[in-house]
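Each chain, written out:
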Amino acid sequence: MSVPDYMQCAEDHQTLLVVVQPVGIVSEENFFRIYKRISSVSQINVRDSQRVLYIRYRHHYPPENNEWGDFQTHRKVVGLITVTDCFSAKDWPQTFEKFHVQKEIYGSTLYDSRLFVFGLQGEIAEQPRTDVAFYPNYDDCESVEKRIEDFIESLFIVLESKRLDRATDKSGDKIPLLCVPFEKKDFVGLDTDSRHYKKRCQGRMRKHVGDLCLQAGMLQDSLVHYHMSVELLRSVNDFLWLGAALEGLCSASVIYHYPGGTGGKTGARRLQGSSLPTDAGNRHRPGAQEVLIDPGALTTNGINADTSTEIGRAKNCLSPEDIIDKYKEAISYYSKYKNAGVIELEACVKAVRVLAIQKRSMEASEFLQNAVYINLRQLSEEEKIQRYSILSELYELIGFHRKSAFFKRVAAMQCVAPSIAEPGWRACYKLLLETLPGYSLSLDPKDFNKGTHRGWAAVQMRLLHELVYASRRMGNPALSVRHLSFLLQTMLDFLSDQEKKDVTQSLESYTSKCPGTMELLSLPDGLNLPPVPFTKLPIVRRVKLLNLPASLRPQKMKSLLGQNMSTKSPFIYSPIIAHNRGEERSKKIDFQWVQGDVCEVQLMVYNPMPFELRVENMGLLTSGVEFESLPAALSLPAESGLYPVTLVGVPRSTGQITINGYHTTVFGVFSDCLLDSLPGIKTNGSTVEVIPALPRLQISTSLPRSARTLQPASGDEISTNVSVQLYNGETQQLDIKLENIGTEPLEKLEVTSKILTTKEKLYGDFLSWKLEETLSQFPLQPGKTATFTVNIKVKLDFSCQENLLQDLNDDGISISGLPLSSPFRQVVKPRVESKPVNPPESSKAGDFSHVKTLEAILNFKYSGGPGHVDGYYRNLSLGIHVEAEPSVFFTRVSTLPATSTRQCHLLLDVFNSTEHELTISAKNNEELILHAGECQRDF
Amino acid sequence: MSGSFYFPIVGHHDNPGFEIEFLPAEKVESKHDHHHFNQSIAHAALGLVDANRWLCNNMHLKTVDKFNEWFVSVLATADHVKFITLHDVRQDHGIKNLFSDVYELYIKLAMNLFYKPYSPIGSSTFDIKVQFLGKKHLLS
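Keep in mind that what you see is a predicted model, and the values were worked out from it rather than measured.

Definitions and cut-offs
- Just so you know, the residues in each chain are numbered from 1, in the order the chain's sequence is written.
- Whichever chain is written first becomes A and whichever ligand is written first becomes 1, with later ones labelled in order.
- Predicted model: local features are reported for residues with pLDDT of at least 70 only, side-chain atom pairs are reported and counted for 80 or more only, and whole-chain, interface and lining totals are derived from all residues.
- Only hydrogens and water are set aside when side-chain values are computed; all heavy atoms of the structure are taken into account.
- Labels follow the DSSP assignment, with helices taken as runs of H or I lasting at least four residues and strands as runs of E lasting at least two, numbered in each case from the N terminus.
- A helix is expected to reach a length of 1.5 Å times the quantity of its residues less one.
- The classification of residues rests on relative accessible area computed with a 1.4 Å probe and restricted to protein chains. Under 20% of the type maximum is buried, over 50% is exposed, and intermediate values are partly exposed.
- Between any two strands, at least two bridges found by DSSP are needed for them to pair.
- To define axes, lines are fitted to C-alpha atoms, for helices over the stretch in contact only, and angles between the resulting N-to-C directions are given on a 0 to 180 degree scale.
- When describing relative orientation, an angle under 35 degrees is termed roughly parallel and one over 145 degrees roughly antiparallel, while 65 to 115 degrees is termed roughly perpendicular and anything else oblique.
- Throughout, a crossing is termed right-handed when the near helix is turned clockwise from the far one, and left-handed when it is turned anticlockwise from it by less than a right angle.
- In what follows, residue pairs with any heavy atoms lying within 4.5 Å of each other are defined as contacts.
- UniProt positions are given in the numbering used here, feature names are shortened, and annotations may be inferred rather than shown by experiment.
- As used in this structure description, the phrase polar contact means that two N or O atoms lie within 3.5 Å; if the pair is within protein, one of them must be able to donate a hydrogen and the other to accept it, and residues adjacent in sequence are counted only when both atoms belong to side chains.
- We call Asp, Glu, Lys and Arg charged. Ala, Val, Leu, Ile, Met, Phe, Trp, Tyr, Cys and Pro are nonpolar, and the rest, Gly among them, are polar.
- For the domain bounds, the source is a domain assignment made automatically or taken from a database.
- Buried area is calculated as the accessible area (1.4 Å probe) missing from two parts once they are joined, with the contributions of both summed.
- Note on definitions: salt bridges are taken to be side-chain nitrogens of Lys or Arg within 4 Å of carboxyl oxygens of Asp or Glu.

*Asks:* Just checking my understanding: could you explain helix α6 (residues 195–215) of chain A for this structure?
*Replies:* Residues separated by three or four positions in an α-helix point in the same direction, a consequence of the helix having 3.6 residues per turn. Residue and element names in this part refer to chain A. With 21 residues, α6 should reach 30 Å at 1.5 Å per residue; the first-to-last C-alpha distance of 30 Å fits that figure. Counted residue by residue, α6 has 16 buried out of 21 residues, so it is predominantly covered. Just past α6, the residue G217 takes up positive phi, approximately 85°.

Here it is in structure tokens:
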């Protein structure tokens with residue numbers, strides 16, 4: 001016997017083996033339909049007695065295994081069912097002949113056989129026959145199950161008669177020696193009359209009867225027979241058969257102890273029949289009752305009353321611990337015979353299944369350890385695969401998942417061994433996938449986000465590489481890309497620099513043919529491979545939604561009702577409410593984006609790779625609002641530090657927009673990275689309100705732009721600055737061109753001005769304008785311009801400066817006749833004064849720089865379009881910087897006594913510091929014309 | 001092939017914190033493939049180690065598993081860190097000594113405040129010392 005049945009379990013010893021085979025040409029589908037129906041009849045309560053028969057169906061059974069039928073009767077094919085197609089009466093004799101040929105194969109052991117003919121109708125089909133059943137087609141054969149039941153009953157009759165026959169045989173003189181195929185030549189010429197020989201025959205026959213009893217549903221009897229057989233065979237050192245007797249004993253005990261079965265699938269089947277141990281006891285009692293009518297059993301064990309079966313069972317049945325000991329013993333006997341390798345292997349497997357139920361995994365692993373080293377013969381590759389697979393399955397059964405994964409992987413590698421002409425990459429891939437849980441791997445990258453890495457990274461990487469390779473050889477590049485992406489994403493921390501390069505290179509070469517997607521890949525066997533987003537290429541540390549630039553920021557018009565106040569509470573301030581608001585704010589951001597305007601999100605990213613990382617097609621993933629993302633491409637230097645990346649997009653509708661994540665294309669793999677699944681990311685919130693579109697105003701002025709920016713106290717930013725230099729008293733017209741560069745009409749415009757705090761005293765209006773003219777051009781359609789004129793008038797008091805006052809004090813002295821201070825000194829002093837205020841200006845202004853600065857902001861509040869309807873406006877600020885210079889200097893002030901003592905003449909030395917001619921007019925006095933740079937004395 | 005040893009220290013999540021190979025002097029270069037094979041066998045034995053450590057009073061669990069010519073000897077510390085030796089020759093005494101010496105080293109390392117328990121061991125001193133111990137107990 002050379003083909004082990006790895007699926008065997010202890011309770012198979014009580015089954016009758018029936019082979020179901022097709023004859024002639026029967027389509028596989030049809031055959032297995034019938035096979036399925038036939039094998040559903042797996043246990044039968046025999047008529048008149050309450051014994052149960054179990055049937056094991058096989059559609060394939062090697063005849064050489066059949067030869068071991070005497071050794072263990074459950075290996076014997078006792079029934080044959082053939083299924084055939086026959087459509088015309090003419091083919092019938094031929095078909096029937098084939099049936100006979102088929103019968104010949106198992107002929108020596110068959111108790112009975114049946115032929116199921118499909119398709120034949122007419123005369124032949126009408127004849128009632130017991131061994132042949134005719135059905136018009138595969139759909140119309142209700143009576144199949146009934147036929148099978150009848151068939152099994154006929155098998156039972158033969159079995160029962162054999163059992164009784166053999167059981168009584170032992171009292172006779174001649175007991176034939178049962179033997180296994182390889183023993184036959186050993187017994188040639190043996191003295192058949194010796195005591196030793198007789199005992200051997202007796203022992204073997206006892207064992208055989210035990211087997212038959214077990215099959216016939218008489219558990220108690222079989223136990224008795226096995227016990228006797230063990231004693232007989234032990235005395236003659238017939239080890240092989242002693243092993244078999246011990247195993248039989250174990251099997252019977254297992255069947256008693258574990259009526260649910262030990263072999264997984266079959267267990268479920270049996271559970272339907274009788275699952276409870278008490279039930280099992282009842283089931284066997286009727287069997288024991290029949291002991292009464294069994295003359296053999298009567299004489300041997302003396303069980304003659306129903307009540308005594310309890311005692312008998314307690315004595316004969318092995319305890320769970322003993323079962324294992326006996327299995328060990330049996331296996332040690334089997335191992336003495338090289339030719340009984342299969343028996344030994346199967347016994348190991350059966351013992352492991354029993355131990356698995358007893359939850360004694362350590363002992364089970366010892367049995368398996370032994371099974372690994374049973375050398376049968378040169379195994380074919382297929383058998384090796386089968387063997388490793390079953391080892392893996394058994395290790396799984398006893399809870400050694402890692403060991404199981406190891407053997408499964410060995411089996412997978414065996415599928416594609418170099419010695420195989422046609423490597424089974426598909427099978428290899430399937431087996432490799434099954435090993436994943438054993439290596440603490442799953443195919444979902446989400447499992448790797450939580451906490452520490454589980455499993456042996458080096459082994460996991462190797463396995464993933466094998467998966468990549470197998471899937472590539474299978475001809476499924478999408479799978480290889482998915483696995484390779486998974487490897488890169490989850491094992492990044494464990495890859496060396498060189499490996500990172502290698503992996504990315506091969507990934508790029510794969511994706512050039514088959515780009516990686518974000519779709520769920522489904523395998524034919526129902527397994528789904530979730531997408532692998534590259535959240536680590538690059539790593540995003542912070543996501544920040546940016547406000548619009550100040551000039552485009554929408555503002556809400558303050559309504560009279562005070563909508564801005566929290567309506568939740570009647571109090572202006574409550575710490576509780578404030579706290580709640582804070583929480584809300586953590587999710588929602590307190591600024592708005594505007595429909596149709598470019599919005600920005602800043603990501604802080606870094607590249608963990610030792611080479612330059614090219615990220616293409618990087619854009620935002622949003623929900624809630626129609627959003628047009630404008631993807632960016634970037635290239636991050638090797639192992640860069642944090643690197644700011646700004647992703648932009650345009651909201652196309654209004655509402656709440658949520659930034660869910662971003663998408664990238666790296667190495668040809670598309671990834672959708674959701675912020676929720678990113679570990680350790682900092683964000684200032686991800687939901688923003690998008691308000692309806694507003695117009696955009698651009699202003700340009702007639703004056704040059706100023707590099708200097710004003711720093712207004714309120715925090716408003718100023719978009720444009722202009723500067724102008726004016727002499728005191730001069731008026732300048734500032735033309736402002738207003739252009740609507742948005743897409744909405746500009747309907748409203750309000751202009752306000754604000755003069756920044758200054759110590760200077762201003763006379764008259766600094767800035768004045770007439771809005772009406774401009775407003776007459778409104779609404780301003782997109783692309784249109786309007787002009788707006790502002791008059792800047794500088795009227796400052798330069799006389800009050802500290803230095804002049806000082807001069808006046810001096811002059812007070814000079815009244816008494818002291819000389820006046822030199823003009824030079826007077827000029828120097830203000831220069832020193834002005835220096836800290838405006839150092840660059842003062843140095844530029846030359847000698848006579850009494851420059852004063854005036855700064856003002858012109859605010860343009862404008863609105864229009866749908867945004868206006870919702871009460872939003874925009875604010876654009878124009879900073880005006882005016883440098884005012886005095887036009888005249890009174891360089892010297894002195895008094896002269898006048899003719900009257902009540903009066904005196906005030907002498908003013910006036911200096912024109914401008915480059916222009918100017919006229920000074922004093923109160924009811926004549927005018928004085930002063931040329932540029934001229935100095936005159938005036939009374 | 002014979003007389004080479006593979007010695008990983010495995011943490012709670014089957015993650016090796018430290019790996020080293022001791023090879024006889026004449027065989028300096030270890031094949032890359034071979035390394036993977038060792039790792040696989042050691043990984044497969046972990047289930048048996050877990051089962052064994054509840055049955056054995058001693059930290060030194062002796063040989064818990066074998067695959068072909070490879071034996072797996074294990075010392076499981078009180079906090080479930082596993083010292084594994086994969087070997088193809090029986091050298092119980094040497095392995096036992098190696099285990100106890102490395103265990104002492106490991107305790108010292110574990111008491112270091114800057115070492116996060118069960119994380120990969122990056123200390124070069126540890127590496128050098130284990131290397132030395134391996135030569136002393138296994139290869140001499």
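*Asks:* Help me understand the pairing of strand β16 (residues 643–651) of chain A in this model?
*Replies:* Regular strands place their side chains on alternate faces of the sheet. Residues and elements named next belong to chain A. Note: strand β12 (residues 599–606) against β16, seven bridges, orientation antiparallel. When the sheet's bridge partners are listed, E600 is paired in β16 with V648. Note that strand β14 (residues 627–630) and β16 share four bridges and pair antiparallel. For E628, the partnering residue across the bridge sits in β16 and is V650.

*Asks:* Which parts of the structure should I look at to understand the packing of helix α14 (residues 341–358) of chain A against helix α15 (residues 361–372) of chain A?
*Replies:* Helix packing for two helices is described by the angle between their axes and how far apart those axes are. Residues and elements named next belong to chain A. Running from amino to carboxyl end, α14 crosses α15 at an angle of 165°, the nearest separation of the two axes being 9 Å. Here α15 runs roughly antiparallel to α14, going by the angle between their axes. In this structure, the crossing between α14 and α15 has a hand that is left-handed. In this structure, α14 uses E344, L345, C348, A351, V352 and L355 to contact α15, whose residues at the interface are E363, A364, F367, L368, N370 and A371.

*Asks:* Is there a simple way to think about the sheet that holds strand β19 (residues 682–683) of chain A in this case?
*Replies:* Pairing between the strands of a sheet is mediated by backbone hydrogen bonds and can be parallel or antiparallel. The five strands lie next to each other as β14-β16-β12-β9-β19 (chain A), forming an open sheet whose pairing is mixed. The open sheet terminates on both sides in strands that have one partner only, identified here as β14 and β19 of chain A.

*Asks:* Please clarify how the UniProt feature "domain: Trs120/TRAPPC9 N-terminal" (unreviewed entry) in chain A should be interpreted in this entry.
*Replies:* Sites flagged by UniProt as "domain: Trs120/TRAPPC9 N-terminal" (unreviewed entry) map to residues 186–259 of chain A. Helix makes up 77% of residues 186–259 of chain A and strand makes up 0%, while its end C-alpha atoms are separated by 40 Å.

*Asks:* Hey, could you run me through the side chain of T490 of chain A in this one?
*Replies:* Residues and elements named next belong to chain A. In this structure, T490 sits in helix α20 (residues 477–490). Look at T490 and you get buried, because its relative accessible area is 6%. A polar side-chain atom of T490 sits 2.7 Å from the main-chain carbonyl oxygen of F486. Those residues in contact with T490, other than ones at most four positions away along the chain, are P445, F448 and H453.

*Asks:* I tried to follow the pairing of strand β27 (residues 852–863) of chain A on my own but got confused; where do I start?
*Replies:* All names here are of chain A. The buried count for β27 comes to ten of twelve residues, which makes it a mostly enclosed element. Strand direction decides the pairing type here: strand β24 (residues 748–755) and β27, joined by eight bridges, are antiparallel. The residue bridging S753 from the neighbouring strand is L858, located in β27. The sheet contact formed by β27 and strand β28 (residues 872–885) spans eleven bridges and is antiparallel. Bridge pairing in β28 places L858 opposite L878.

*Asks:* Even after reading the chapter, I still don't get the sheet that holds strand β21 (residues 697–701) of chain A, so can you show me in this structure?
*Replies:* Residue and element names in this part refer to chain A. Read across the sheet, four strands follow the order β21-β23-β26-β25 without closing on themselves; strand pairing throughout is antiparallel. Since the sheet does not close on itself, it has two edges, and those belong to β21 and β25 (767–769), each with one partner. In this sheet, adjacent strand axes meet at a mean angle of 30° when their direction is disregarded.

*Asks:* How should I be thinking about the packing of helix α8 (residues 239–257) of chain A against helix α13 (residues 320–334) of chain A in this particular structure?
*Replies:* All names here are of chain A. In contact at an axis separation of 8 Å, α8 and α13 are set at 155° when each is read in the N-to-C sense. It follows that α8 is roughly antiparallel to α13 by the angle criterion. Like other packed secondary-structure pairs, α8 and α13 cross with a definite hand, here left-handed. Residues F239, L240, L242, G243, A244, L246, E247, C250, S251, S253, V254 and H257 of α8 form the contact with α13, whose participating residues are P320, I323, K326, Y327, E329, A330, Y333 and Y334. Of the residues contributing to the contact of α8 with α13, the split by class is 13 nonpolar, four polar and three charged.

*Asks:* Teacher, can you tell me more about the domain arrangement of chain A here?
*Replies:* For interface size, the figure often reported is the accessible area lost on association. As far as domains go, chain A holds domain 1 (10–168), domain 2 (202–263 + 316–377), domain 3 (440–529), domain 4 (539–557 + 589–691), domain 5 (697–801 + 849–886) and domain 6 (889–938). Placing the centre of domain 2 of chain A and that of domain 3 of chain A at their C-alpha centroids yields a distance of 46 Å.

*Asks:* Looking at this structure, I do not really get the interface of chain A and chain B. What am I missing?
*Replies:* On the chain B side, the residues contacting the 22 residues of chain A number 27 residues. A buried area of about 2300 Å², summed over both sides, lies between chain A and chain B, and 61% of it is on carbon and sulfur atoms. By the criterion of area lost to chain B, the three top residues of chain A are R402, F406 and W456 of chain A, representing 35% of everything that side buries. The interface formed by chain A and chain B holds three salt bridges in total. Where D50 of chain B meets R402 of chain A, a salt bridge forms, and the shortest distance between an N and an O atom there is 2.6 Å. Across the contact surface, chain A and chain B share nine residue pairs in polar contact (both at pLDDT 80 or more). For the side of chain A that touches chain B, the secondary structure elements donating two or more residues are α15, α17 (401–415) and α19 (457–473) of chain A.

*Asks:* Please explain the environment of S113 of chain A as it appears in this structure.
*Replies:* Mapped onto the elements, S113 of chain A comes out in strand β5 (residues 112–118). For the pair S113 of chain A and V20 of chain A, spaced 93 residues apart in sequence, the C-alpha separation works out to 9.7 Å.

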